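Structural characterization, general
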Amino acid sequence: MPKDTLGEFEALVLLAALRLGDEAYGLSIADEISRTAQRPTGRASVYVTLRRLEQKGLITTRHEDPERAPSGKPRRFVTVRPEAVALVQRSRLALQRMWTGLEEVLEDA
Amino acid sequence: MSIRDLPRPIAVLLSVALPGDWRADIARDLEEAWTERRRERGAVRAAAWLLAQSLWFSLRFAPDRIREVGPDTRLTSTDLKLAFRSVVRAPLVTTLTLVSLTVGIFAAVSGWTWIVGSLFTPPPFDGGERIVMVQDYNHTANYGVDVRAEEFLRRKESLTTFEALAAYQQRNVVVGGDPEASAVRQAVLASWDLLHMARTEPLLGRLPTPDDVVPGAPDVVVLPHADWVTFTGADPDIVGQRLDVGGVARTVIGVMPEGFGFPYSDLLWIPFDERAADGTLRLVGKLREGVSLEAARAELAVVARPDPTQVSSTDAVEHLVTGLTRPMVNEREVFILILPIALLVLILTVMATNVANLMLARNARRSAELAVRGALGASRPRIVGQLVSEVLLLVVLATLLGVWASQYAIDVFVSRVNLPLFTDYSLRPATVVFAAGLAALVTLVAGVAPALKATGPSPGDMLRDGLRGSSGVRFGRLTGALIVVQVTICVGFLSAATLLGQSLLTFTFDRYGIPAEETLVAQIYFGFPYELNDPDAGIPPEEREARRVAFMLDATRKRQAIRDEVAELEGVRQVAFGSRFPGNESERAWVEVEGSSTAIQLAEAADAGRGYFELVDADVLVGRAFGDDEFSSGSGVVMVNEPFVRDRLDGTNPLGRRLRITPEGSPGDAERPWVTIVGVVPDLGLNPGNPDNAAAVYQPLPDINIVRMAVRGEGDPGVWTPRIVEIARRIDADIRVQWTRTLADQMNQPVAIFRGLGVAFLVLGALALVLSAASIHALTGAAVTRRTRELGIRQALGAGTWPIVQSVLARAGAQLAAGALLGGVLTVVLLRLATVMPWEVRQSNPAALALVVGVLIVAGLAALAQPLGRALSIRPADAMRVE
């Protein structure tokens, strides 16, 4: 049963997975967050979060075809489920609403 | 894809720390990143990164793992019931495990209790941790430097880091005027404020005050609780009454509470004016709050002016300020004393690893059962928990038994010796925590590790292995190395025990026919004018020698006077002096035989006074005893014992042969005169530990200031002690009767200690042997089971008996050989260490070593016979069937 809200890091992991599309797996998600969000990201945190998201039913995972894996060892790719996309959207809307009216204050700060 | 592609320690860590559903994927990704990093930054940095990542992953997943695994690892009553059943079903393994773990925990807890109880027990009163001993030590001359009254008073005046500084002298005193009810007790003549440092209220009366030590003040005494009970029958009105202490009627001013002792246990206190004190003082002080030992030492080094008669300007003198409970131990040395505990914990760990081997082999045989459990839904943690609970049951039992036995043994020991310092060997919380830590360590090594290893393969593999009667569990290099360590300990300890045991376990003084039960030995010290030893004292050499000779002659006169009076005591038949009697520490001298081509050799040496040989019932076998006129220096005569004639003179007539005897420190001093052999006596046990090297020489007892006196007669020899002290004091108040004991006690004490050591070695060695044999048996058996198919195929391909035997025994044989070799090295090390003991231990004995090797071979064959028989009975059909 998916929860109604997302933690900040959970949201970042989901967004990174959405950005990577079919190439989203643990290492690439950690790299994507580091590169795009410009914040140091521990791999362990990414895996802990992925496992939690999978248990919540927000992502599904699949192993790639061993023959196509560069090292012969299949990676575990992540697919974001529609419920998660809805949660991310809701999270963005909540943040946008909270921003409204604070542009001047926050931009000056 | 497998976690095993990572380095083994990392793989083991991750296999425990990561959740099963993501473990392989995370391992794969880590391996990918590690490979890339290795290419970019080199192997070492990549390895460090991998280790750090693995640890971080383990930490990050820890909360999830605890939440998930926790309920599975919780022990239930069913688990315990199953564990109990499993333990009962294997009585041999259970007994072996229980005995070895109990012995290991007993040894480690005893060592811990002893060291912590002896060294870390501050005096049990307010501010006790600030009480210190103050001593000077001359490292150049290797002795403690005496402090006299003047120096004490100067230090008391000058030292600002001390809240108080007191002096004391120790004395033997006879307490109780009635000869039938008196006894020799230890007392301290002490500064009046000594007892005030302890901040303990007396049970009755008061503590001493400055008025008690002014000239002309009445003689007073403060009694310890035990003496109040013994000598006054716990008289509640004793304060103000008089008691005979040291021949003086002293007024009792106070009685201290039960258990109180200061600065040592078991003392009476006699206040004295230290300004008028004659002789050496011992100093005890109390540091001001917040002052460190280092600060006190630094100040003392500036203030102290050691006695110039005992310290020359070039001598290295250390000013020691040490905690009262560890007078000879400073902070650095405590570390050295902790080492034995570390060694005992190491031995326990080796024992635990052996138990781990047994468990591993047992778990390997249970592959099918474990697989079925897994297939029925039991998680890995659940199965691990079940396996661990079996070991845990035994560990808990062994810990309880070990701690109980340790407390019992220490109680028995403490009740037999008079401990001089503050000690507390009761079961402290720290000891319980230590024992719990040991139990956790043993459970981890002997329970968790084999369980993880046994449940490592997938349920499918385990089931397949189990059904075909083999096991997928592999025994690694570590397992093999541990067996080698075990065999090493076994060989080393058994060899040492055998060599020690030869001279100790079978030893008895009875063979010398010495009347030990009816003889009392006392050590008497006549003092010495220390200024004669000081080259800077300005005494001309001739005068120094003349004064020294005069002092020694005076000591001899007093000695004769003591002898005459002691001989008159009721029940006493004989009195004799000597430098040593059987059971005293060894003294040796270099002996050169005139006209002999043999190099000079060491022999036991003793000085015998008048009546020495008659007292120990030793007949003069050849020649004569010393004449009355020969007890003076330069008499030029010597007596030898039978072993000397046999070993050093080849059995030839000894009478008239001449010897040159020089001290152990100056071999072959040509200045020494030759002395002539006048008589031969039997071996009187001067070197009882090694009768094959018992050659001894006896010289007439010279004029010396420290002697041993033997008193023989009827009845209990113990009753003469107070009379002897009394006589010595009457003749000269400075004469000290330093100790007395029966000859039987004196002879049995070293024997008991070394017998104990020999038995301990034997027990540890035998235990190590049994454990090694059991380990080798279990692991070889499990290896044969694992290799059933391979051995069957070998048979089918025509392999003869010998190749099969070779392949089965290769590993165990190599382990035994390596262990035997290293055990030989350990034996040499142990025997080298044994040379520092005052007991001769043979350095080699082919028969004893052959016995140990023989025992090892028999034990090895016994351990391997059954698995080998099973391997040889495997037929090709068996291999086909298991497939």
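Residues numbered from 1 in each chain as written. Chains lettered and ligands numbered in written order. Predicted model: local features only at pLDDT ≥ 70, side-chain atom pairs only at ≥ 80, totals over all residues. Heavy atoms only, no water.

A short note on the overall build of chain B
Put simply, the rule reads: Secondary structure is summarised from DSSP: a helix means a run of H or I of at least four residues, a strand means a run of E of at least two, and numbering begins at the N terminus for each. Here the term buried applies to any residue with accessible area under 20% of the maximum for its type, exposed to any over 50%, and partly exposed to those in between, with areas from a 1.4 Å probe on protein chains only. Here the Shrake-Rupley method, with its probe set to 1.4 Å, supplies the accessible areas, and only the displayed protein chains count as covering residues.
Along chain B, the regular secondary structure elements total 24 helices and 22 strands. Looking at chain B residue by residue over its 883 residues, the buried ones come to 50%. Entry remark: accessible area of chain B is about 40,700 Å², with carbon and sulfur atoms responsible for 60%.

Details of the confidence of the model for chain B
Residues and elements named next belong to chain B. Our working rule: pLDDT is a residue-level measure of predictor confidence that goes from 0 to 100. The contact rule is simple, with two residues in contact once any of their heavy atoms fall within 4.5 Å.
Looking at chain B as a whole, the pLDDT averages 81, with 86% of positions reaching at least 70. In this model, residues 466-473 is a region of pLDDT below 50 whose contacts with residues beyond four sequence positions or in other chains number 23 contacts. This complex was scored by the predictor with a pTM of 0.56 and an ipTM of 0.89.

Description of the nonpolar core
Applied cut-off: Only buried residues count toward a nonpolar core, which is a set of Ala, Val, Leu, Ile, Met, Phe, Trp, Tyr and Cys residues joined through side-chain atoms within 4.5 Å.
Ranked by internal contacts, the top residues of the largest apolar core, which has 43 residues, are Leu14, Ile29 and Leu50 of chain A together with Ile26 and Phe57 of chain B. Only helix H1 (8-20), helix H2 (26-37), helix H3 (43-56), strand S2 (76-80) and helix H4 (82-99) of chain A together with helix H1 (8-17), helix H2 (20-41) and helix H3 (43-73) of chain B provide two or more residues apiece to this core. Broken down by element, this core gets its largest block of residues, 7 residues, from H1 of chain A. Not counting residues up to four positions away in its chain, the partners in contact with Phe57 of chain B are Arg43, Ala44 and Tyr47 of chain A together with Leu18, Ile26 and Leu30 of chain B. By size, the runner-up hydrophobic cluster in this structure holds 35 residues, among which are Phe152, Val175, Val255 and Ala277 of chain B.

Description of H2 of chain A
The cut-off we apply is this: By definition here, a helix of n residues has an expected span of 1.5 Å times n minus one.
The terminal C-alpha atoms of H2 of chain A lie 16 Å apart, and with 12 residues this matches the ideal 16 Å at 1.5 Å per residue to within 8%. Those residues of H2 of chain A that sit buried are Gly26, Leu27, Ser28, Ile29, Ala30, Glu32 and Ile33 of chain A. Of the surrounding elements, those touching the buried residues of H2 of chain A are H1, H3 and S2 of chain A together with H2 of chain B. Positive phi shows up at Gln38 of chain A, right after H2 of chain A, with a value of about 55 degrees.

Observations regarding the pattern of salt bridges
The condition that has to hold: Salt bridge, as applied in this entry: a Lys or Arg side-chain nitrogen positioned within 4 Å of an Asp or Glu carboxyl oxygen.
For the structure shown, the criterion picks out 42 salt bridges over all chains. When the shortest N-O distance is used, the salt bridge between Arg35 of chain A and Glu32 of chain A registers 2.7 Å. Remark: Glu32 of chain A and Arg35 of chain A occur in helix H2; sequence separation between them is 3 residues, near one turn of the helix. By relative accessible area, Arg35 of chain A is classed as exposed at 53%. With a closest N to O distance of 2.8 Å, Arg185 of chain B and Asp227 of chain B form a salt bridge.

Digging into the interface of chain B and chain A
Here is the rule: By buried area we mean the combined loss of accessible area, with a 1.4 Å probe, across both parts when two parts are placed together.
The interface is formed by 20 residues belonging to chain B together with 19 residues belonging to chain A. Between chain B and chain A the total buried area reaches about 1,900 Å² when both faces are included, carbon and sulfur atoms providing 54% of it. On inspection of chain B and its partner chain A, the count reaches 4 salt bridges. Among the ionic pairs, Asp64 of chain B bridges to Arg51 of chain A, the shortest N-O distance being 3.7 Å. If you list the elements that add at least two residues to the side of chain B that touches chain A, you get H2 and H3 of chain B.

Some thoughts on a nonpolar patch on the surface
All names here are of chain A. For clarity, the threshold we go by: Put simply, a patch holds well-exposed residues, over 30% relative accessible area, that have no salt bridge, with like charges counted together within 9 Å and Val, Leu, Ile, Met, Phe, Trp or Tyr side chains within 5 Å.
Taken together, the side chains of Leu95, Trp99, Leu102, Val105 and Leu106 present a nonpolar region at the surface, about 470 Å² in accessible area. When contributions to the nonpolar patch are tallied by element, the ones reaching two or more residues are H4 and helix H5 (103-108). By the secondary structure assignment, Leu102 is in the loop between H4 and H5. Take Leu102: its relative accessible area is 36%, and that puts it in the partly exposed class.

Digging into the packing of aromatic side chains
Applicable threshold: Note on ring pairs: Phe, Tyr and Trp rings are taken, using the six-membered ring of Trp, and paired if centres are within 6.5 Å. Classes follow the plane angle, with under 30 degrees stacked, over 60 edge-to-face and the rest tilted. Whether a charge sits over a ring depends on NZ of Lys or CZ of Arg being within 6 Å of the ring centre and within 35 degrees of the ring normal.
Scanning the model with the defined rule gives 13 aromatic pairs over all chains in all. Judged by centre distance (4.3 Å) and plane angle (5 degrees), the ring pair of Trp112 of chain B and Phe434 of chain B falls under stacked. Of this pair, Trp112 of chain B sits in helix H5 (residues 91-119) while Phe434 of chain B is found in helix H13 (residues 429-454), placing the two residues 322 residues apart along the sequence. Exposure remark for Phe434 of chain B: the relative accessible area of 15% places this residue in the buried category. Put simply, the rings of Tyr47 of chain A together with Trp22, Phe57 and Phe61 of chain B pair up and form one aromatic cluster. The residue whose ring lies beneath Arg75 of chain A is Tyr25 of chain A, and the NZ or CZ to ring-centre distance is 4.9 Å. Looking at Arg559 of chain B, its charged tip hangs above the ring of Phe577 of chain B, at a distance of 5.6 Å from the centre.

Observations concerning the pairing of strand S1 (residues 131-138) of chain B
As a general feature of sheets, a regular strand has side chains that alternate between the two faces. Residue and element names in this part refer to chain B. Let me state the cut-off plainly: For two strands to be treated as a pair, DSSP must find at least two bridges joining them.
By the criterion of burial, S1 is predominantly enclosed, with 6 of the 8 residues buried. Here S1 runs beside strand S10 (residues 282-287); their pairing, made up of 4 bridges, is antiparallel. By the bridge assignment, Val134 is partnered in S10 with Leu283. Here S1 runs beside strand S11 (residues 317-323); their pairing, made up of 7 bridges, is antiparallel. Residue Asp136 lies in a different strand from S11, and its bridge partner there is His319.

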